[in-house]
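# Fold and geometry: a report
Each chain, letter by letter, is given below.
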Amino acid sequence: MQNINELFLDHDSPAGRLVRGLAAFGAATAGQLSKSTGLGRSTVSTALTELRDAGIVIDVDAKASGFGRPSQLLSLSPGSGRCAGVLLGLGEIRIVICDMTHAVLSDVWIPIRRDYTPEEAADQVRDSLTSQCQSLGITIADLLGVGVAISAPLSYDGKVLNGDVLPTWAGVDLAEIFSTRLDCPLHAENESHCGALAEMTWGSTVGESDFILYKFDLGVGGAIVRDGAVVRGVSGSAAEFGHIVLDPDGAYCRCGNRGCLQTYAGGYHLIRRAEEFSGQPVTIDQFVERAREGRIGYRRFIEDAAEKAGWGMGITSSILNPPLFVIAGKLATIGKAFLEPLERSFNRHTLQHPDLPGVSAPRFVVAKFLGNDDTVMGAVALVLRQHGRIVSPAT
Ligand SMILES: [Zn+2]
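Residues numbered from 1 in each chain as written. Predicted model: local features only at pLDDT ≥ 70, side-chain atom pairs only at ≥ 80, totals over all residues. Heavy atoms only, no water.

Further remarks concern the layout of surface pockets. Using a probe with the size of a water molecule, rolled over the atoms, empty space left in the structure can be pinpointed. In this structure, the largest pocket occupies an estimated 980 Å³ of space. Around the largest pocket, the lining comprises 35 residues; the ones closest to its centre are Gly21, Ala24, Phe25, Ser36 and Arg385. For the lining of the largest pocket, the secondary structure elements donating two or more residues are α2 (14-25), α3 (30-37), α7 (191-202) and β10 (229-230). Considering each element in turn, the lining of the largest pocket owes the most residues, 5 residues, to α2. For the lining of the largest pocket, a count of residues per class yields 13 nonpolar, 16 polar and 6 charged. (1 Å grid on protein atoms, 1.4 Å probe; cavity = no way out; pocket = protein on both sides within 12 Å on 5 of 7 lines; lining within 4 Å. Points joined across faces, edges and corners; volume = space filled by probe spheres on them. Helix = DSSP H or I, 4+ residues; strand = E, 2+ residues; numbered from the N terminus. Nonpolar A, V, L, I, M, F, W, Y, C, P; charged D, E, K, R; others polar.)

Moving on, we get to the coordination of the zinc ion. Around a metal, the idealised angle for a tetrahedral arrangement of four donor atoms is 109.5 degrees; for an octahedral arrangement of six donor atoms it is 90 or 180 degrees. The protein atoms that coordinate the zinc ion are His243 (ND1), Cys253 (SG), Cys255 (SG) and Cys260 (SG), at distances spanning 2.1 to 2.3 Å. Of note, the donors binding the zinc ion are all from one chain and are spaced H-x9-C-x1-C-x4-C. Of this pair, His243 sits in the loop between β10 and α8 (262-265) while Cys255 sits in the loop between β10 and α8, placing them 12 residues apart in sequence. (Donors = N, O, S within 2.8 Å, 3.2 Å for Na, K, Ca; no water.)

This part covers the packing of α2 against helix α4 (residues 41-53). Two elements in contact, α2 and α4, have axes whose closest approach is 9 Å; the angle formed by their N-to-C orientations is 80°. On the basis of their axis angle, the class for α2 and α4 is roughly perpendicular. Across the interface between the two elements, Pro14, Ala15, Leu18 and Val19 of α2 pack against Thr43, Val44, Ala47, Leu48 and Leu51 of α4. Across the contact of α2 with α4, the residue classes tally to 8 nonpolar, 1 polar and no charged. (Axes fitted to C-alpha atoms, helices over the stretch in contact; angles between N-to-C directions. Parallel < 35°, antiparallel > 145°, perpendicular 65-115°, else oblique. Contact = heavy atoms within 4.5 Å.)

The strand order across the open sheet formed by 6 strands is β5-β4-β3-β6-β7-β13, and the pairing between neighbours is mixed. If you trace the sheet from one side to the other, it starts and ends with β5 (104-111) and β13 (389-391), each paired once. Here the average twist between neighbouring strands, direction ignored, is 20°. Across 5 bridges, the pairing between strand β3 (residues 82-88) and strand β6 (residues 146-150) is parallel. The residue bridging Val86 from the neighbouring strand is Val148, located in β6. Lying over the sheet, α7 contacts β6 and β7 (186-190), oriented at roughly 105° with respect to β7. Packed on one face of the sheet, helix α13 (residues 373-384) meets β3, β4 (92-99), β5, β6 and β7 and runs near 140° to β3. (Pairing = 2+ DSSP bridges.)

Attention now moves to empty space enclosed by the protein. Tallied over the full model, the rule gives 1 cavity of 30 Å³ or more. Lining of the largest cavity is provided by Asp210, Phe211, Ile212, Ile224, Val225, Arg226, Leu320, Pro322 and Pro323. Listed by contribution, the elements that provide at least two residues to the lining of the largest cavity are β8 (211-216) and β9 (220-226). Sort the elements by how many residues they give to the lining of the largest cavity and β9 lands first, with 3 residues. Here the lining of the largest cavity is composed, by residue class, of 7 nonpolar, no polar and 2 charged.

All right, on to the domain arrangement of the protein chain then. The domain architecture assigned to the protein chain consists of domain 1 (4-79), domain 2 (81-196 + 373-391) and domain 3 (205-366). Contacts between domain 1 and domain 2 engage 15 residues on the former and 15 residues on the latter. With both chains or domains summed, domain 1 and domain 2 bury close to 1,200 Å², and 59% of this area falls on carbon and sulfur atoms. Interface area lost by domain 1 to domain 2 is led by Asn5, Phe8 and Pro78, which between them contribute 39%. Across the domain 1-domain 2 interface, the total number found is 0 salt bridges. On inspection of domain 1 and its partner domain 2, the count reaches 4 residue pairs in polar contact (both at pLDDT 80 or more). Those elements giving two or more residues to the side of domain 1 that touches domain 2 turn out to be α1 (4-8), α2 and β2 (73-76). Residue composition of the side of domain 1 that touches domain 2, by class: 9 nonpolar, 5 polar and 1 charged. (Domains from an automatic or database assignment. Buried area = accessible area lost by both parts, 1.4 Å probe. Salt bridge = Lys/Arg side-chain N within 4 Å of Asp/Glu carboxyl O. Polar contact = N/O pair within 3.5 Å; in protein donor to acceptor, adjacent residues only side chain to side chain.)

So, about the packing of helix α9 (residues 267-278) against helix α11 (residues 298-320). Interaxial distance between α9 and α11 falls to 11 Å at its minimum, and their mutual angle equals 155°. It follows from the interaxial angle that α9 and α11 lie roughly antiparallel. Of the two possible hands of crossing, α9 and α11 adopt the one that is right-handed. Here Leu270, Arg273, Ala274, Phe277 and Ser278 of α9 lie close against α11, whose contacting residues are Tyr298, Phe301 and Ala305. Within the contact of α9 with α11, the residues separate by chemical class into 6 nonpolar, 1 polar and 1 charged. (Left-handed = near helix turned anticlockwise from the far one by under 90°.)

Right, let's talk about α3 for a bit. For α3, the full list of buried residues reads Leu33, Ser34 and Thr37. Summarising the axial view, the buried residues of α3 lie within an arc of 100°, below the 170-degree limit, and thus occupy one face. Buried residues along α3 sit in contact with α2, α4 and β2. In the stretch just after α3, Gly38 is the one whose phi turns positive, near 80°. (Buried < 20%, exposed > 50% of the residue type's maximum accessible area, 1.4 Å probe, protein only. Arc of directions from axis to C-beta.)

Our next topic: the pairing of β7. Most of β7 is tucked away: 5 of the 5 residues are buried. Burial of β7 is two-sided: the residues Leu186, Ala188 and Asn190 facing one way and the residues His187 and Glu189 facing the other way are all buried. Taken together, the 5 bridges between β6 and β7 define a ladder with parallel strand orientation. Note on β7: the bridge partner recorded for Ala149 is Glu189.

Shown next, in the form of structure tokens:
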């Protein structure tokens, strides 16, 4: 029997397909694995026996896993492999290492100045991962892979298409910079796509194969999930909902255009308006808190933002007709002061209006991950789901 790192890359054998299925789900029954892989029940049963004998797959208690199903749940053995997720954030880098049951073994935050260079980031990631791996008795080369989440759209081969939160990174080749420092497979994706993967793996959309995620945070991002996979588009920059133009004469946007949705419903722009209003510096967390409390002025800021957010989502719905919208990001934590006017505006701006006969209006849910857990866990999910690989192993 191959080891788990080899099985992960074996796309032909039933054992390889089951290992990747269990890595993506965390835990599953033989029936679920048969359905998700398309393998017959007897083929699944034979391969599972081999994987159990090799110590790669274990039986887990259904109740202990919170599923409550009568069928036996299976999972990868916790010690059979490790993978890491990296968030390259604004003024911080966060790195987690997980085992094959998705348990977090190590979680490190590294403060770094806001205008850090790609080389500095890669050095920090290498040094921290080296010591995190050492404390777990492994090396970076033992990892199944490292997933990197970044606040910018990425090409399929790991080039930053433009820098929004990290403007000086436009054109940077992540594959080149990280592959010289990390001796393992590398995966990379923009943070909103990572957020969708985290929700699919651990959050509000487990079991959902089609949905659209809108993330309202400092900027506005999103993801389109079709048939259980994140749609990336021809260049990797699909679902940049923040740059839907609502007014060609509107405020200038970081993308070089004017009147983008982000200039109305993105945290940066809202904070700037709040600072003009209050005459004092305002952080995104202060903004969210004051809007939630319904403070004078802030209530209006957030209602206006929600109006434009619903408009953008209505356009998206008319084009794609999704069954489900997930609302993520810090503005979602404001609650009904943001979500109610957003839904009213959505209904005004879409063909999928709930009052129209024969129309199935989309459901709305709030994301489970609302801090930056979505991004870093989504980076782990890049490896577990084998999404967005930019560097293959030397083998
Ligand atoms: Zn824009």
